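# Fold and geometry: a report
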Amino acid sequence: MQVPIEEGADKTLEQHEEARREFIAELWRRFEALQEWAVSHWPDQQHPLSSADFVESRKEILSLRSPAGSLNQPAQQNEAEPEQGGAQYVDVTPAPWP
């Protein structure tokens, strides 16, 4: 579905959020249908596909629900750029379990 730019400019924040939710719901529905088709039509019966083969794809689609984008990326809202006195390096490596 393509929306002319002129129409998109008049939308409120709530309308944009609703459109985003509708898009994600439709994407999820289509992905589920594609997954079912792929599993049932996979030609290598000795090594069949299962829903477990699509875990990473599901994670990526579900990460679209987050307004900040991917869940793997930290939110960087209102952070100063390095030339404005912000951090030169941001460590995103998770701490190990105790």
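If you're wondering where the values come from, they're calculated on a predicted model, not measured in any experiment.

Rules used in this analysis
Residues numbered from 1 in each chain as written. Predicted model: local features only at pLDDT ≥ 70, side-chain atom pairs only at ≥ 80, totals over all residues. Heavy atoms only, no water. Buried < 20%, exposed > 50% of the residue type's maximum accessible area, 1.4 Å probe, protein only. Helix = DSSP H or I, 4+ residues; strand = E, 2+ residues; numbered from the N terminus. Contact = heavy atoms within 4.5 Å. Phe/Tyr/Trp six-rings, centres within 6.5 Å; stacked < 30°, edge-to-face > 60°.

With that settled, the discussion passes to helix α3 (residues 55-63). Counting along an α-helix, one turn takes 3.6 residues, and residues three or four places apart therefore face a common direction. Inspection of α3 places R58, I61 and S63 among the buried residues, and these make up the whole buried set. On its buried side, α3 packs onto α2 (13-41).

Our next topic: the packing of aromatic side chains. Applying the stated criterion across every chain yields a total of two aromatic pairs. Geometrically, the ring pair formed by W28 and F31 is tilted, given 6.0 Å between the ring centres and 45° between the ring planes. Within this pair, W28 and its partner F31 are both found in helix α2, separated by three residues, close to a single helical turn. On the basis of relative accessibility, which here comes to 11%, the residue F31 falls in the buried class. Aromatic side chains F31 and F54 sit 6.1 Å apart centroid to centroid with 75° between the ring planes, which places their arrangement in the edge-to-face category. Separated by 23 residues along the polypeptide, F31 in helix α2 and F54 in the loop between α2 and α3 bring together distant segments of the chain. By relative accessible area, which is 14% here, F54 ends up buried. In this structure an aromatic cluster arises from ring pairing among W28, F31 and F54.

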